[in-house]
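Structural description and commentary
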Amino acid sequence: MKATAVAPANIAFTKYWGKVDDELRLPANPSFSMNLDNCLTTTTVEFDKKYKEDSFEMIGEKVQEKEERRALKHIDHMRQKVHIPLRAKIVTKNSFPKSAGIASSASGFAALAVAASNAASLHLSEKELSVFARVGSGSACRSIPDGFVEWKEGKTSQESYAHSLFPPDYWDLRDILVIVRSKNKKTPTSEGMELGRETSIFYTPRIQAVRQLHETLKTAFVKKDFKTVGEIIEKDCIYMHCVMMSTIPHLFYWTPETLAVIQNVIEWRDEAIESYYTIDAGPNVHVICEAKTEEKLISKLKKLDFVEQIIINKPAKGAHLITNHLF
Ligand code: PMV
């Protein structure tokens, strides 16, 4: 009763920032993302009678109490489904340092969903795995299918899952992740979303706008119209951060370096280096470009002396089992 899974983190082009059901994590709008091949979580889960209690370990990192509680709650959820009386040992490892400030919840809960369900001999469909991962962390449902993924909001838990729109090799895009500050964010995403819904005057207008952007984005993807795709990526990034900044208390995830990267990306477009920025709930910037632009862009980014680290990501397949266990 042991299984190991690998799952990618993902970057959203239209984003999830708001829920209609907090417990089930049903989103207020659909979202679209790309899986990242260089930001991976590997997780091994074993159920066995030799374990007296559940345990959760992260190789090379200190586990926070909150993180452990959330992971073990997810395992409990699984145990209720299959009625296994056994305790579990969970060991997990990220390919990217936690100090890089990349949210590991998407890759983490996707890997946990695949490893735990297989260790329990529960052979779930991709859709069921996506639903299960979503309950752990909303964006994790998008790390289950391959490549470029859509998460439709859905009215019930069973209807709210992600599916692949295009395989990883459909379009040779890059997500150049520019780390400008490696400290962890202060306000967790769930709390930020709830506060946004309660207090930001931009919350509802953004939800309405993003539905339209999402549809236009899908059409632009079919045509491989990079300019339109890029403009939509930036629009929803700014809309989401307007909601965050106008939340009470204000959520400023950016630092001066975040804005400096944004301004450079815009200026470089005048030099025919076409790329577009997007930012999640933290200060680091994801710069999206086509493969042909990668080299020029990296050489520009490397000249910015405040950049701590650059991680280059290609589109990746979704969560899957592997045979090498972590213990
Ligand atoms: O799934 P969570 O709770 O980590 O929320 C993710 C929220 C954003 O990363 C800011 C946006 C998104 O759609 O990924």
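Residues numbered from 1 in each chain as written. Predicted model: local features only at pLDDT ≥ 70, side-chain atom pairs only at ≥ 80, totals over all residues. Heavy atoms only, no water.

**Topic: the overall build of the protein chain**
Secondary structure summary: the protein chain contains 8 helices and 13 strands in total. Computed over C-alpha atoms, the radius of gyration of the protein chain comes to 19 Å, within 12% of the 20 Å expected from 2.2 N^0.38 for 327 residues, which places it in the range of a compact globule. Within the protein chain, the proportion of its 327 residues that are buried is 55%. The contacts of the protein chain with a sequence gap of at least 6 include a subset with a gap of at least 24, amounting to 77%. Counting only carbon and sulfur atoms, one obtains 52% of the accessible surface of the protein chain, whose full area is about 14500 Å². Each charge class in the protein chain was averaged separately, 44 positive and 42 negative side chains, and the resulting centres sit 2 Å apart. (Helix = DSSP H or I, 4+ residues; strand = E, 2+ residues; numbered from the N terminus. Rg over C-alpha atoms; globule rule 2.2 N^0.38 Å. Buried < 20%, exposed > 50% of the residue type's maximum accessible area, 1.4 Å probe, protein only. Contact = heavy atoms within 4.5 Å. Areas by Shrake-Rupley, 256 points an atom, 1.4 Å probe, with all protein chains shown as cover. Lys, Arg positive; Asp, Glu negative; His and termini not counted. Charge placed at Lys NZ, Arg CZ, Asp CG, Glu CD.)

**A look at the pattern of salt bridges**
By the definition in use, this model includes 20 salt bridges. Across the pair Asp-280 and Lys-15 runs a salt bridge, and its minimum N-O distance is 2.7 Å. Remark: Lys-15 occurs in the loop between β1 (2–14) and β2 (19–21) and Asp-280 occurs in the loop between β10 (275–278) and β11 (285–290); sequence separation between them is 265 residues. A residue is classified by how much of its surface remains accessible, and Asp-280, at 28% relative accessible area, is partly exposed. (Salt bridge = Lys/Arg side-chain N within 4 Å of Asp/Glu carboxyl O.)

**Some details on the sheet that holds strand β12 (residues 309–313)**
Strands sit in the order β10-β11-β9-β12 across an open sheet of 4 strands; the sheet is antiparallel. Edge positions in the open sheet fall to β10 and β12, since each of these has one partner strand only. Across the sheet, the axes of successive neighbouring strands diverge by a mean angle of 25 degrees, strand direction being ignored. In the sheet, strand β9 (residues 173–179) pairs with β12 via 5 bridges, with the strands oriented antiparallel. Across the sheet, Asp-175 pairs through a bridge with Asn-313, a residue of β12. Across the face of the sheet, helix α6 (residues 226–245) comes into contact with β9, β10 and β11 while running at roughly 20 degrees to β10. (Pairing = 2+ DSSP bridges. Axes fitted to C-alpha atoms, helices over the stretch in contact; angles between N-to-C directions.)

As far as function goes, none of this settles anything; it's purely spatial.
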